[in-house]
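# A look at the structure
One-letter residues, chain by chain:
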Amino acid sequence: MAESCDALGKSVAGNGYGGHVGFQVQAAEATFQHGECANMGDRLKEDIVASGLFGREPERRVDAFDTLDPEKGVTRPTGSEANRKVRTYAVEKMKEAGLEVRVDAVGNIFGRKSGSRPEEGAVMCGSHLDSVINGGQFDGALGVFSAIEAVRRLNDEGYENRRPIEVAVFTGEEGSAFGMTLLGSTVLVGRMGLEEALARRDSEGRTLREALEYMGYAGDFVMDLGSVEYFVELHIEQGPVLFKKNVPIGIVENISGIAWVYATIKGEGNHAGTTPMKMRRDALVAAADIIKFVEKHANEMVDRLGSATVGTVGKLNVYPNGTNIVPGRVELGIDIRDVVSRNMESLKREVSEALQSLEKKYGVGVDIVLPPTHSPEPLAPEVIDVIEKSAAEAGIRAMKMNSGAGHDSQNIATRVKTGMIFVPSVGGISHAPMEWTEWADIENGARVLTQTLKNLTQN
Ligand code: GLV
Ligand code: MN
Ligand code: MN
């Protein structure tokens, strides 16, 4: 059942997170005011918990840190049944909040609340509902449901926004299907053609067009970003900074770039018992060089440049994956990030060269695929200032910071004045089943977001 604000506040102060996150730090202070937020906070909490059922096997309500299961998070890649269900849940909530819902040709969903000056550029606000494989229920969902909640709060107050508000749900932010991150927003800002996006295939060979049709989210409307003046996204930080510093709100200044490199290494599958060591073309042994290369070179850049470079081999498919078979083929998914484009590009180039050098060293073939790179983006000083002012007006402490995670905001920022609000992630954990943010911190985020929307819609 729903807790009162008071109960929410107490649960924060009393939660030591057991041994799960390796250290004990209290969540950022709760800033509920008595009688003010019980129902409003409960509404948002209910949306996050209810949407967290979709893609969790078996479906189960997770409404407190100690109800998390370290093995079982949420999995809802674009085009999955879970992705369809969570979209439909969000559309219902948008309609209940009085929003006029439209779906664009790449499956992005928009819910519009008109304003007293409908001809003025809108304030767009939202995030994504797809997830990584076995991730948490807050990543993306918080930004969508807090945007809907902000509209509900404005409705409850009878608040008259001048600029229209557009609540947005972007397609395929995570890249857990269709081979690239930030898919829907990349098309929206014109960095990828619609037909090219719709023709991308997932691991089952389905095109994005087929996946959207299956879910009932293949629209034909095209959102004109020329009609949008500002974009704001509330998100969990997904890193340790706010949690460790015990600061409730982060205001993002720069978002890291993301470069993915896909490689297929083709050796020769053969019998593990009969194939002499000197006669092997083992694709996994070659791949091991690359795993080590990425880790070593990212570290060297950090040491040499003091940069924020990170490099990860997060995906590895080994074929045929049998204990008594020399691996014949390996697919690697490599993730490279930095807030400085030059650093990211230089590591990407070095990794591509290292991959090519495997051909000579191990006698394997190497195919490389480079999905579009998302460049690092600074966010708009004007929106940063408005978020800072809004947090102060709400009486909630805030600090400026960068985002190591990627977000649709970095695409939208190339066309629209954009800002991001972060709330703390317990233990800095995300993209994992133990991802958690305290309800009191969720409420702080919702309040700063609502105040930001108020300020921006009057601008
Ligand atoms: C998206 O969440 C990313 O940072 O990979
Ligand atoms: Mn996200
Ligand atoms: Mn994510």
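For the structure, see preceding data.
Here's what I pulled together on the structure shown here. Fair warning: this is a prediction, and the values are worked out from it, not measured in the lab.

A word on the overall build of the protein. Counting its secondary structure elements, the protein contains 13 helices and 15 strands. Taken over the C-alpha trace, the protein has a radius of gyration of 23 Å; the compact-globule value for 459 residues is 23 Å, and the two agree within 12%. The principal-axis extent of the C-alpha atoms belonging to the protein is close to 75 × 50 × 45 Å. Among the 459 residues that make up the protein, the fraction classed as buried is 57%.

On to the coordination of the manganese ion (ligand 2). Those donors, His-128 (NE2), Asp-139 (OD) and His-235 (NE2), are the protein atoms that reach the manganese ion (ligand 2), and they lie 2.0 to 2.2 Å from it. We note that the donor set of the manganese ion (ligand 2) lies within a single chain, spaced as H-x10-D-x95-H. Separating the manganese ion (ligand 2) and the manganese ion (ligand 3) is a distance of 3.5 Å, and Asp-139 donates to both of them. Of this pair, Asp-139 sits in the loop between strand 3 (122–128) and helix 4 (141–157) while His-235 is found in strand 5 (residues 228–236), placing the two residues 96 residues apart along the sequence.

All of the protein donors around the manganese ion (ligand 3) are Asp-139 (OD), Glu-174 (OE), Glu-174 (OE) and His-431 (NE2); their distances to the metal are 2.1 to 2.6 Å. Taking relative accessible area as the criterion, His-431 reaches 40% and is therefore assigned partly exposed.

The next thing to look at is the site of ligand 1. Taken together, Glu-173, Glu-174, Arg-337, Ala-405, Gly-406 and His-431 form the complete shell of residues around ligand 1. In this structure, Arg-337 approaches ligand 1 through a side-chain N or O atom, which is 2.6 Å from an oxygen atom. When ligand 1 is considered free in solution it has 190 Å² of accessible area, and contact with the protein chains removes 96% of it. Its residues assigned to classes, the shell around ligand 1 shows one nonpolar, two polar and three charged.

The next thing to look at is the sheet that holds strand 9 (residues 310–319). In spatial order, the strands read 9-11-7-12; together these four strands make up an open sheet with antiparallel pairing. Two strands close off the open sheet at either side, each with one partner strand: strand 9 and strand 12 (365–369). Across this sheet, the average inter-strand angle for adjacent strands is 20 degrees, counted without regard to direction. The sheet contact formed by strand 9 and strand 11 (residues 329–338) spans nine bridges and is antiparallel. Its bridge partner being in strand 11, Val-318 is matched across the sheet by Val-330. Here helix 9 (residues 283–305) sits on the sheet and contacts strand 7 (257–266), strand 9 and strand 11; the angle it forms with strand 9, its principal contact strand, is near 170 degrees. On top of the sheet, helix 10 (residues 341–362) reaches strand 7, strand 11 and strand 12; it is set at about 160 degrees to strand 11, its chief contact.

You can see Pro-327 is positioned in the loop between strand 10 (325–326) and strand 11. A residue is classified by how much of its surface remains accessible, and Pro-327, at 11% relative accessible area, is buried. Counting along the chain gives 61 residues from Pro-327 to Lys-266, while the straight-line C-alpha distance between them is 9.0 Å. Among all residues touching Pro-327, those that are not within four sequence positions of it are Glu-268, Gly-269, Arg-281, Asp-282, Ala-283, Leu-284, Val-318 and Tyr-319.

Next up on the list: the packing of helix 9 against helix 10. Running from N to C, helix 9 and helix 10 point in directions that differ by 150 degrees, and their axes come no closer than 10 Å. The orientation of helix 9 relative to helix 10 falls into the category roughly antiparallel. For helix 9 against helix 10, the interelement crossing comes out right-handed. Between helix 9 and helix 10, the residues in contact are Val-285, Ala-286, Asp-289, Ile-290, Phe-293, Val-294, His-297, Ala-298, Met-301 and Leu-305 and Asn-343, Ser-346, Leu-347, Glu-350, Val-351, Ala-354, Leu-355, Leu-358, Lys-361 and Tyr-362, respectively.

Going through the model one piece at a time under the given rule, you end up with 29 salt bridges. As a salt-bridge pair, Arg-152 and Glu-149 come within 2.8 Å of each other at their nearest N and O atoms. Of the two residues, Arg-152 and Glu-149 both sit in helix 4, three residues apart, roughly one turn of that helix. A residue is classified by how much of its surface remains accessible, and Arg-152, at 11% relative accessible area, is buried. A salt bridge links Glu-382 to Lys-417; the nearest nitrogen and oxygen atoms lie 3.4 Å apart.

Moving on, we come to the side chain of Glu-149. Take Glu-149: its relative accessible area is 0%, and that puts it in the buried class. What Glu-149 contacts, discounting residues up to four positions off in sequence, is Met-40, Arg-43 and Leu-44.

Attention now moves to the packing of aromatic side chains. Tallied over the full model, the rule gives nine aromatic pairs. Residues Phe-138 and Trp-439 carry aromatic rings whose centres are separated by 5.6 Å and whose planes lie at 50 degrees to one another, so their mutual orientation is tilted. Of this pair, Phe-138 sits in the loop between strand 3 and helix 4 while Trp-439 sits in helix 13 (residues 439–458), and the two are 301 residues apart along the sequence. Taking the relative accessible area as the measure of exposure, Trp-439 reaches 6% and is therefore buried. Summarising the aromatic geometry, the rings of Trp-436 and Trp-439 are spaced 5.5 Å apart at their centres and angled 85 degrees between planes, so their arrangement reads as edge-to-face. Each member of the pair, Trp-436 as well as Trp-439, carries the same accessibility label: buried. Taken together, the ring pairs connect Phe-65, Phe-138, Trp-436 and Trp-439 into an aromatic cluster. Its end group placed over the ring of Tyr-217, Arg-87 keeps NZ or CZ at 5.1 Å from the ring centre. A cation over a ring is seen here: Arg-329 above Tyr-319, with NZ or CZ 4.1 Å from the ring centre.

Rules used in this analysis
Here the residue index of a chain counts from 1 through its sequence in written order. By the order in which they are written, chains take letters starting at A while ligands take numbers starting at 1. Reporting of local features is limited, given that this is a predicted model, to residues whose pLDDT is at least 70; pairs of side-chain atoms are given and counted only at 80 or more, and all residues count toward the totals for whole chains, interfaces and linings. Hydrogen atoms and water are omitted, and side-chain values are computed over all heavy atoms in the structure. Think of it this way: any DSSP run of H or I at least four residues long counts as a helix, any run of E at least two long counts as a strand, and we number them from the N terminus. With C-alpha atoms as the basis for the radius of gyration, the globule rule is written as 2.2 Å multiplied by the number of residues raised to the power 0.38. Burial classes follow relative accessibility: with a 1.4 Å probe on protein chains only, a residue under 20% of its type's maximum area counts as buried, one over 50% as exposed, and anything between as partly exposed. Coordination here is defined by N, O and S atoms within 2.8 Å of the metal (3.2 Å for Na, K and Ca), and since water is not considered, a site can look incomplete. Any residue with a non-hydrogen atom lying within 4 Å of a molecule or strand is treated as near it. N or O atoms within 3.5 Å of each other form a polar contact, as long as, within protein, one can give a hydrogen and the other can take it, and as long as residues adjacent in sequence are counted only when both atoms are side-chain atoms. The method behind every accessible area is Shrake-Rupley, applied with a 1.4 Å probe, and residues are considered shielded solely by the protein chains displayed. We call Asp, Glu, Lys and Arg charged. Ala, Val, Leu, Ile, Met, Phe, Trp, Tyr, Cys and Pro are nonpolar, and the rest, Gly among them, are polar. Criterion used throughout: strands pair if DSSP finds at least two bridges between them. Axis definition: a line fitted to C-alpha atoms, limited for helices to the stretch in contact. Angles are taken between N-to-C directions and run from 0 to 180 degrees. In this description, contact between two residues means that some pair of their heavy atoms is separated by no more than 4.5 Å. Roughly parallel means an angle under 35 degrees; roughly antiparallel means over 145; roughly perpendicular covers 65 to 115; every other angle is labelled oblique. Whether a crossing is left-handed or right-handed is set by the direction in which the near helix is turned from the far one by less than a right angle, anticlockwise for left-handed and clockwise for right-handed. Salt bridges are defined by distance alone: a side-chain nitrogen of Lys or Arg within 4 Å of a carboxyl oxygen of Asp or Glu. Between rings of Phe, Tyr and Trp, where Trp is taken as its six-membered ring, a pair exists when centres lie within 6.5 Å; planes separated by under 30 degrees are stacked, by over 60 edge-to-face, and by other angles tilted. Here, over-ring charges are defined by two tests on the NZ atom of lysine or the CZ atom of arginine: distance to the ring centre within 6 Å, and angle to the ring normal within 35 degrees.

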